[in-house]
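Residue-level listing of the chains:
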Amino acid sequence: ERAAEKPFAFVVTPNVDHLVRLESDTVLARLYAQAWLTVCDSRVLELLGKLSGERIEVSPGSDMTQALFEHHIDPEETVAVIGGDAAVIEKVRQRYGLKDVRWHKPPMGLRDKPAAIAECARFVSVNKARFTFVCVGSPQQELIAEACLDRGDCTGVGLCVGASLDFLGGKAERAPVWMRKSRLEWLHRLCQEPARMWRR
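Per-chain numbering applies: the sequence of each chain, read as written, is numbered from 1 onward. Per-residue local features of the predicted model are confined to residues with pLDDT of at least 70, and side-chain atom pairs are confined, for both listing and counting, to 80 or more; whole-chain, interface and lining totals are unaffected and use all residues. For the side-chain quantities, the full set of heavy atoms in the structure was used; hydrogens and water were omitted.

1. A word on the overall build of the chain
A run of H or I in DSSP becomes a helix once it reaches four residues, and a run of E becomes a strand once it reaches two; helices and strands are each numbered from the N terminus. Counting its regular elements, the chain contains eleven helices and six strands. Classification of residues uses two cut-offs on accessible area relative to the type maximum, computed with a 1.4 Å probe and protein chains only: under 20% is buried, over 50% is exposed, and between them is partly exposed. Taking all 200 residues of the chain together, the buried fraction comes to 47%. A contact between two residues is defined here by any heavy atoms of the two lying within 4.5 Å. Long-range contacts, defined here as pairs at least 24 residues apart, represent 68% of the contacts in the chain between residues at least 6 apart. Using the Shrake-Rupley algorithm and a 1.4 Å probe, accessible areas are obtained, with residue cover drawn only from the displayed protein chains. When the accessible surface of the chain is split by element, carbon and sulfur atoms take 55% of a total near 10,500 Å².

What follows is the structure, encoded as structure tokens:
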């Protein structure tokens with residue numbers, strides 16, 4: 001476990017969509033190469049691994065995020081969040097009795113806004129926290145993590161966990177456990193957000 005004062009490191013949670021994009025997106029490949037920890041987010045990848053003789057441990061980013069809040073984050077400690085919306089942040093704060101949540105909401109289209117990415121990194125530098133949840137989608141969240149590394153004065157662990165806080169805050173509903181275990185969570189999300197998810 002890394003302490004809040006240790007140099008910044010970040011965690012990525014690739015799914016099938018990310019791995020497909022890695023084939024052609026050199027930016028994403030560069031970002032992933034700098035990650036301190038890579039955690040498989042997809043039970044579909046787990047199945048594909050089995051079919052090819054590879055054993056892949058799965059720890060979905062949403063499960064990891066929930067476990068951190070429920071078992072490791074002290075309500076008194078500082079928690080930093082980049083992304084999400086005010087209602088979600090407030091519900092997460094209330095749900096876990098958090099006393100010190102620092103939140104930054106960057107603009108849309110972050111990938112093409114280097115100044116906004118730099119501002120996110122500055123936020124991490126100023127708001128020292130053991131855990132910073134970066135929830136702006138890939139590769140925007142990894143670009144922020146890279147900017148934090150480049151600054152050299154950021155600390156703690158950045159968790160690139162997409163929509164994980166939306167689930168904890170009730171904005172989005174996770175698939176039932178049976179669907180997750182059956183590797184059908186993707187179908188649940190497709191039904192919830194068809195316009196955004198169908199390309200995946």
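2. Quick look at helix α4 (residues 61-71)
Turning to α4, its buried residues number three or more, namely Gly61, Ser62, Met64, Thr65, Leu68 and Phe69. Relative to the axis of α4, the buried residues are bounded by an arc of 165° and lie together on one face. The elements touched by buried residues of α4 are β1 (9-12), β3 (78-83), α5 (86-96), β5 (131-135), β6 (157-160) and α8 (164-168). Taken from the helix axis, the directions to the C-beta atoms give the arc we talk about.

3. Side note on the sheet that holds strand β4 (residues 100-104)
Between any two strands, at least two bridges found by DSSP are needed for them to pair. The strand order across the open sheet built from six strands is β2-β1-β6-β5-β3-β4, with neighbouring strands paired in parallel fashion. Looking at strand neighbours, the two that pair on one side only are β2 (37-38) and β4, the edges of this open sheet. Pairing analysis gives four bridges linking β5 to β6, with the strands arranged parallel. Its bridge partner being in β6, Val134 is matched across the sheet by Cys160.

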